[in-house]
Every structure is written in structure tokens, then in C-alpha cells.
Amino acid sequence: MSYKWNHVASLQRPEIKLESLKEDIKEYFKISGWEKKLQNAVYSELSVFPSPSHPAAPPEHLKEPLVYMRKAQGSWEKRILKSLNSMCTELSIPLARKRPVGEQKELLNKWNEMGTDEPDLSLFRPVYAPKDFLEVLINLRNPNYENGDSLSFRTHLGLIQVPLKVKDIPELKEFFVELGLTTGQLGIDDSTQVPPELFENEHVRIGQKVLAEQDSAAAQQYIRQGSPTALRAELWALILNISSQPEDILYYEQLKTNVIQHDLLVDSLIYKDVKLTASNDDYYFVFEDYLYQVLLCFSRDTSVLGHFAYNSASPPKSYIRGKLGLEEYAVFYPPNGVIPFHGFSMYVAPLCFLYHEPSKLYQIFREMYVRFFFRLHSISSHPSGIVSLCLLFETLLQTYLPQLFYHLREIGAQPLRISFKWMVRAFSGYLATDQLLLLWDRILGYNSLEILAVLAAAVFAFRAVNLMEVTSLAAAEAVLADLSTLKVMPLLQIFLFATVT
Amino acid sequence: MAGKVKWVTDIEKSVLINNFEKRGWVQVTENEDWNFYWMSVQTIRNVFSVETGYRLSDDQIVNHFPNHYELTRKDLMVKNIKRYRKELEKEGSPLAEKDENGKYLYLDFVPVTYMLPADYNLFVEEFRKSPSSTWIMKPCGKAQGKGIFLINKLSQIKKWSRDSKTSSFVSQSTKEAYVISLYINNPLLIGGRKFDLRLYVLVSTYRPLRCYMYKLGFCRFCTVKYTPSTSELDNMFVHLTNVAIQKHGEDYNHIHGGKWTVNNLRLYLESTRGKEVTSKLFDEIHWIIVQSLKAVAVNASPSLTSSTANDRILKYNLINDTLNIAVPNGEIPDCKWNKSPPKEVLGNYEILYDEELAQGDGADRELRSRPGQSLGPKGGRSRDSGRTVLTTWK
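Everything numeric here is computed off the predicted structure, so don't read it as measured data. (Residues numbered from 1 in each chain as written. Chains lettered and ligands numbered in written order. Predicted model: local features only at pLDDT ≥ 70, side-chain atom pairs only at ≥ 80, totals over all residues. Heavy atoms only, no water.)

Before going further, it helps to spend a moment on the overall build of chain B. Counting its secondary structure elements, chain B contains 12 helices and 14 strands. Sequence separation of at least 24 residues holds for 67% of the intrachain contacts in chain B that already meet a minimum separation of 6. Of the roughly 20,200 Å² that chain B leaves accessible, carbon and sulfur atoms contribute 51%. (Helix = DSSP H or I, 4+ residues; strand = E, 2+ residues; numbered from the N terminus. Contact = heavy atoms within 4.5 Å. Areas by Shrake-Rupley, 256 points an atom, 1.4 Å probe, with all protein chains shown as cover.)

Bringing the packing of helix α6 (residues 101-109) of chain A against helix α12 (residues 246-261) of chain A into the picture now. All names here are of chain A. At a minimum axis separation of 8 Å, α6 and α12 run at an interaxial angle of 130°. Here α12 runs oblique to α6, going by the angle between their axes. Taken together, the residues of α12 that come into contact with α6 (itself represented by Gln104, Leu107 and Leu108) are Lys256, Val259, Ile260 and Gln261. Per-class residue counts for the contact of α6 with α12 are 4 nonpolar, 2 polar and 1 charged. (Axes fitted to C-alpha atoms, helices over the stretch in contact; angles between N-to-C directions. Parallel < 35°, antiparallel > 145°, perpendicular 65-115°, else oblique. Nonpolar A, V, L, I, M, F, W, Y, C, P; charged D, E, K, R; others polar.)

In this section: the sheet that holds strand β13 (residues 259-261) of chain B. All names here are of chain B. Strands sit in the order β9-β12-β13 across an open sheet of 3 strands; the sheet is antiparallel. Both outer strands of the open sheet, β9 (195-198) and β13, are each paired with one neighbouring strand and no more. Sheet twist, expressed as the average angle between the axes of neighbouring strands with direction ignored, equals 25°. Note: β9 against strand β12 (residues 218-221), 4 bridges, orientation antiparallel. Opposite aspartate 196, over in β12, you have arginine 220 as the bridge partner. Set on the sheet, helix α8 (residues 262-273) makes contact with β9, β12 and β13; between it and β13 the angle comes to about 80°. (Pairing = 2+ DSSP bridges.)

On to the sheet that holds strand β5 (residues 113-116) of chain B, then. Residues and elements named next belong to chain B. The 4 strands are arranged β5-β8-β6-β7 in an open sheet whose pairing can be described as antiparallel. Two strands close off the open sheet at either side, each with one partner strand: β5 and β7 (149-151). Looking at each pair of strands side by side, their axes are set apart by 30° on average, direction ignored. Sheet topology places strand β6 (residues 135-139) next to β7; 3 bridges connect them, and they run antiparallel.

The next subject is the packing of aromatic side chains. All names here are of chain B. Going through the model one piece at a time under the given rule, you end up with 54 aromatic pairs over all chains. For the pair phenylalanine 20 and tryptophan 25, a centre-to-centre distance of 5.8 Å together with 15° between the ring planes defines the contact as stacked. Residue phenylalanine 20 is classed as buried on the basis of its relative accessible area of 0%. Take tryptophan 25: its relative accessible area is 7%, and that puts it in the buried class. Taking 5.2 Å as the distance between ring centres and 90° as the angle between the ring planes, the aromatic pair formed by tryptophan 34 and tyrosine 37 counts as edge-to-face. There is no split in this pair, since tryptophan 34 and tyrosine 37 are both buried. (Phe/Tyr/Trp six-rings, centres within 6.5 Å; stacked < 30°, edge-to-face > 60°. Buried < 20%, exposed > 50% of the residue type's maximum accessible area, 1.4 Å probe, protein only.)

All names here are of chain A. A complete count under the given rule lists 6 cavities of 30 Å³ or more for this structure. Counted as a void, the largest cavity has a volume near 210 Å³. Lining the largest cavity are 19 residues, with Gln73, Ile80, Ala313, Gly337 and Ile339 positioned closest to its centre. When residues of the lining of the largest cavity are assigned to their parent elements, the largest contribution, 5 residues, is made by helix α5 (residues 67-91). (1 Å grid on protein atoms, 1.4 Å probe; cavity = no way out; pocket = protein on both sides within 12 Å on 5 of 7 lines; lining within 4 Å. Points joined across faces, edges and corners; volume = space filled by probe spheres on them.)

On the surface, B:Glu32, B:Asp33, B:Asp58 and B:Asp59 cluster together into a patch of negative charge. Residue position: B:Asp58 is located in the loop between α2 (41-47) and β4 (61-62). (Patch = residues over 30% accessible without salt bridge, like charges linked within 9 Å, V, L, I, M, F, W, Y side chains within 5 Å. Salt bridge = Lys/Arg side-chain N within 4 Å of Asp/Glu carboxyl O. Lys, Arg positive; Asp, Glu negative; His and termini not counted. Charge placed at Lys NZ, Arg CZ, Asp CG, Glu CD.)

So, about the environment of B:Lys82. All names here are of chain B. The topology assignment puts lysine 82 in helix α4 (residues 74-91). In this structure lysine 82 comes out as partly exposed when scored by relative accessible area, which is 30%. It is 9.3 Å that separates the C-alpha atoms of lysine 82 and valine 110, two residues lying 28 residues apart in sequence.

All names here are of chain B. Within chain B, residue pLDDT values average 75, and 73% of them lie at 70 or more. Highest mean pLDDT in chain B belongs to α8 (94); lowest belongs to helix α12 (residues 365-368) (36). Contacts from residues 165-175, a stretch scored under 50 in pLDDT, to residues over four places away or in other chains number 9 contacts. Per the prediction output, this complex has pTM 0.83; the corresponding ipTM is 0.85. (pLDDT = per-residue confidence, 0-100.)

A common way to express how large an interface is: the accessible area buried when the components associate. Contact with chain B, which involves 28 residues of that partner, is made by 35 residues of chain A. For the chain B and chain A pair, buried surface summed over both sides reaches about 2,500 Å², with 52% attributable to carbon and sulfur atoms. At the surface where chain B touches chain A, the tally comes to 0 salt bridges. For the interface between chain B and chain A, the tally reads 3 residue pairs in polar contact (both at pLDDT 80 or more). Sorting the residues of the side of chain B that touches chain A by element identifies β13 and α8 of chain B as the ones contributing at least two each. For the side of chain B that touches chain A, the element with the most residues is α8(B), which contributes 6 residues. Taken together, the residues of the side of chain B that touches chain A sort by class into 6 nonpolar, 12 polar and 10 charged. (Buried area = accessible area lost by both parts, 1.4 Å probe. Polar contact = N/O pair within 3.5 Å; in protein donor to acceptor, adjacent residues only side chain to side chain.)

Our next topic: the pairing of strand β8 (residues 178-182) of chain B. All names here are of chain B. Within β8, 4 of the 5 residues are buried, leaving the element largely enclosed by the surrounding structure. Pairing of β5 with β8 involves 4 bridges; the strand directions are antiparallel. Bridging from a neighbouring strand, methionine 115 pairs with valine 179 of β8.

See below:
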């Protein structure tokens, strides 16, 4: 605010010359730091919104260009909503209700320790689990595509049977060029055996410089080689263009007030999810209370509705009691349009390692969701969408580890059945926290989720010897049950750059 | 039989026995010739008590130094540290330097503490200086959080007053002795919870002092959110972290037992507070350990009971690495052993302090490498995710 007033005031000064006004303003932007902020904001928009399409294309095309995908997403949504409504009817619980004043006071007092609450959640079930979603994806078909009955070397032997374009290893090597063998990486070149003078010290120095310059684009480029732990929180905030302004904190407080005043059915789903997943995790159990503070507010945040412009999904609509079908009485439910599923809270949990101020944690999570995570549970043709990731994973395995792929298929252990849950959760809860953060560094750096599919394939490659010896799906699951000791960056590097193809 | 280490133990725990058996060591009874005896605390007390006058022969090793209880018992520990500080002061050692308020610059790592009932009057004087402060009462001879409580009023500890009419009622024997310390009511919280650190330190020799810290230490969290509010003083689940206590809290979760590895802690602190302050923290922790050891001997009673499967694996590996250092190459112990073990046998231990190495570079180095300044080559850094940079104090 003060900037604007100074600006206006200076325009009235006699030194301001009309002839040089344009240059003066440009100069002013530079020295006040506003130029950088504008650049970052524009860069942010470019990262999030898809490139401009044909002017005659309807808005649905921005969400999802392929009709059959849109239809599939629509049916899936109907199913979810039906499931939610029937749970609601069965349990005779309204989708939303206003809390009596006494209850509001109680909740306010308990705001920092909602984890101690033990509501009876036994009757609630998650609306869906990743494996339900996988079944839907397996049944996706493009009606315009004729697979033919005859098998050829082109036949895709995995579970996903839609023809989307995915990158092969040469293309991945180009895309992920900074992960190559000759480039320094955090997660590899900061290990004990490597003297810090060779890479780490310089990398840290550059990181500090990037932060000092407050340049989003530079930060995004920098983080491809990984972020030093001490700089990560700030770097992610810079890349996501999050700065905690007073209005952001105020907005969060308003959401909190919404939570206090109204109870939503999805709140119980959130509680249940946190209790089942994050509370039992070795690393994240400590942050249980933060998770409620983020997710309950998230459900009520109508600004999230904006991302449905480029999400193939649409927010579920519900109607005020008794006014079914009347558009004037339609509301989005939950207010943010996102129905949580089993494991949803694991998207937030790792962020608690970086941010301990609730409103900042909240902003970062929200931005991560509307940029990346939503793609992991909606049906679309986007290269970072879950369908493409599944196809990428299967194609990499079939092409570069055919023996393993065939073997697993023969014993009824389709690899995707095991790796799907890893990808849907972006590996949260499966990797050690420091490794997960190194992985998410690269998601931000490359603005793409494809690395999840590559890592999944790399994990299979790493454990190939053991997997070749198993004779059942259960045994295969057992070999891949524990990823907590894996080092992500060496795995990725070897798979992409050091495997003979 | 020649060449195989003969072992005895009076603690029936698989993490111990499996480790002995996997080395092909031979189990014997305590009346036979033995080389290695993993003793319970009671046995140590008996073996090394003045009356029995038992002496170890040159080829025998036990798992505790005779004076281990100098640190196990809280009153002895406090006495030792106070005495150590005074000694250094008398010698004019720069380590004992004080600031203008009389606080030790480098050795101020124990909060104000008194022995009860012995120092009762001294305590009352101190208490009256800041009557709104909270103090923590701990029984000298107990572990695992037993018998600990908080007070903020003198009336709550009337029993320990020497003049009290009930004092004859309370036995003056050391079993009932307590220490009372100023309670630190602004601890570092994570997720709003208090936590403590469980670190494993192996002392192989005292002269010269050679000690190792196990890299895989862990933090134990309270299940309930911390609050300094006085109404919660009675709620031990807020203030105490010992697992033995937490196990009975309603919120106790059996799957993970409320623990984090020290590496995790480091990752969290570096991410949220920055690298410098985190390194300083760990340096100071190491410093306190070494100084405490120099003041006295080692804590005797780590719990060997495992609460989760992961815990069992940790303790098994811990004992394994411990034995590798204490009984190198599975050779029959020889009291003349004096060499530092090679790096390969350290396993998950790293050198905390090696007096021989330190003295090799001159005594004046000790001053320069005070916590916060790492000097000299970095000793073994942890290989797994997250690193502990070790300073060797020379």
C-alpha cells in the first residue's frame, strides 16, 4: 500500500517529466522490486495454465480435449458423489450443518489439538481408495481406436489400454538433462565420500544468491539439481510464488472461522484419513494436528474452485434440501469441490517438515494441489495426468525390462497394480522424508509429475533380481513393500543415464 | 575351545544372546572362566562393591565401568559436574570461564539443581527468589520416569524439609533422596509436542578417554501437546517423554511408539531453522556428552526391552556394533589393548572423542574448538539420509 502512495506522490513532483515518464516508471519498478514480483507472478501463471489453444475451442477443451476422457471423468464423479450421498443418507448425517454455539467454543479451544478428539468414525468409510480408481482407469477405452485382435510387438501388455503419447528414454534423457551423470546433484554428490568443495558448497552458494534475487524462474531451474535442506522452504515458496502477506493470513483465519461455524460431512472423512494414514507414519505422526488445520480449511476454500478451469474434473454439485434440480439452489460440495479419498492427507504431511506456520503451510499445500496433485486423481490426457503416468511406467518397463515385465504378468502380478499407489501419493509415505523432498524438488523444478513414473520403473529395475524369483502377486508386493531405504537420485540416474538400452 | 570368547549374561534378552551366538562365542556360567560378562545393574553393584573386592583378570571385560552409577544416579551426576567445574576453575582452565553474571560460558549445561533433603534450605532460598517458577522433582535412584513430579509451591515438598514434623517419617536413606531442578518450561516443541533425545554412547576406555556415539539415536515424543499452564502440571503425559510412561496414555499409538530418528530431527531443524543453528545444536550436544564423561562415568540402565519391531532391529544392531568395538575381531580380551579400532569396525558408531588423537596435537587446541566452530578434518559423517558432522575436539 505504501508503495502506491509514494508512487502517486512522486508523480506530482516537479522533477517528473512527461518525456521520460515511461523510462522512469520502468526504473522505478526495478529498484522497488516490483519488476521481480510481476515477473514471478507472470511466470507462475505460465507454469499453471495451459498454453493458449484455438480461439474457437470451448472451455471444456481447456479442461480436457478428448471427449472420451471427459465422459469417463464425468461417470467417475457421478459414482463418487453417489457413494457420498448414500453414506450421508445411511448415517442420517447432513452434508453440512451449522454448529451450535457451545460446540463452536469447544472446537476453538481445541483448535491446536484436534488429534485428541476421538469421534466415532467406525461408520465412515473413505469414499474411494486408489485401487478403486485404478479399476476405472483400466477400463478406459478410446472408441476411435481399433486395437485389432492380432498381437504384435506394438501391443501394449499392461493394464492401461489407451493410446496416449508418452516419452521414451531418449526423450526423458533430454527432458531431465540436469539429472545426467556429469551434473552435480543433491542426493548423490553431497554424500559422505564426496568432498563438499567439489559441488555442494558452490551449489549452496548459488541457492542463496537465487533467493536473494527472488527470481522464480531461476529458482525453478536451480532446484533441478536438488535443494539444500536449509534453503528448501524458501525456494519452494519462491517457485510457487507464495509470500505470506497479511491478506493471506487473514484469508486463512476466515477459513478457520468457517470450520468453527460449520461442520461438514467431509470433515469426518478427513479425520478418518488422517487417523488411518499420517498418524501411523513413522515421520509424520508428530504433525497430526497440523493436518487437520490444513485440510479442514482446504475443504472450505472456494478459491480452489478456480483450478477446475484446467482440471478435467468438475466440482460436485449438491442442492439445498428440497430444491433438487433447481440451479439457483445448487452449491458445490464440499465448498472447494475436492472430495478427499483414502491417503489424501499424505499430500500435506511432508510439507510439515518445511513450514510450521499454519497459514504458510496452508498456502503452500493449496498451491501444490492446484498445480500438481489434482492430476493424480482425475482422468485426463495431460502428460502429467495419472493416466499418462501409468502408461509411461508400463511402457518403460515393457520396453526396457521386457523379461521382468513378462514374468510379472505371467504370475498375475501386473506391475502397475503395485506401483499405482506410489504414484497416486507422489510417493509420500513410501520413501524416507529426505528422499521424498529431493523427489518433490524435481517435480517443482521440471513442473512435471513424469518423474514419478520414471522412479517407479527405476524401483522395479533396482529390485529386478528378486522380482524375477517370485511366483505370486503377494510375493511381488512383499519384495516392494519397503522403499524406506531407497536413495532416489542414484536410482533415477542409473535408470535414465547408465542403463544399457 | 582355544580362541573363542566365553560369555555370560544375567539378562535374558534376545538382542544380546543372538549377537553372542552369531559370533560363535561360547556361553559359560559365571562360576567358570569367562571373558565377557554382560551384567545387570544389580550384578555390577555386587561384583564391584567394596566388600567383595572382586578384581577382573587381564582377559575379562564387563559392560559397565565400576563407577557407572556416578552418572546413573542423578544426585551423584550433579555432584560430579559441580565438582568438575570447580576443579577446572581452580586449575585456571579457560573452559571454566564465566561471564559477568557469574554464569559458566562453556559449562552451563545443567539447570540449577539441589539435593533433597540435604540442600533443602539452600533450595528454599533459591525458590523464594523467583516464586512463580516451576521445579521438577526426580528420585535419585529410579529410571524410566518413575516417581517424577512437578511443583510450583513450597507446600508440595514439605516432606523433604528437615524441620518438618514428618521428616522422621521419611527415611533419610539414599533410596528416598531426590534432586530438584529448575524446570525449563520453554522447551523446543515439534508439532506442539515436547520430546527428549535417546543417544547411545559407548565408552571403551577412560584413560585415555575414548568414546563413540551411535549415529542412530532417537527422539521420544509426548503424546499430548505441551502447555506451560500450571493446571497441567499434574499431567505427566504433557511433560515426560519416557516411553514407559507414555505407553499408558490413552493416545499411545502402538505402531510407532512416538519416536523419530535423530537424522529426522536434524532434517526438520535444518529445514525450519537453518543449517548453522542446527549444527551448533548438535555440536553443543556432543560437547555436553564429552564434558559429562570427563566429569564422571557412564549411565548404566538403557532399556533393552524393545517396544516395536523396528526398535528390536535397532537394538540388535546397536549391540552388534558395540561388541565389534569392545571386543575387536572376537579376540580374547586383553587389558593391554590400547589401540584405537580401525574405521571399518565402527559400524553405526562414530568417534565422539579420542583423547589420544586429541592430545597428539597439543593441549591448547581444546580452547579453540569450542562448540560452534568445527576445526580440523571432519571425522566420519553419517552415510545415511541426513548427516551428522562430527567435530573432533583436539
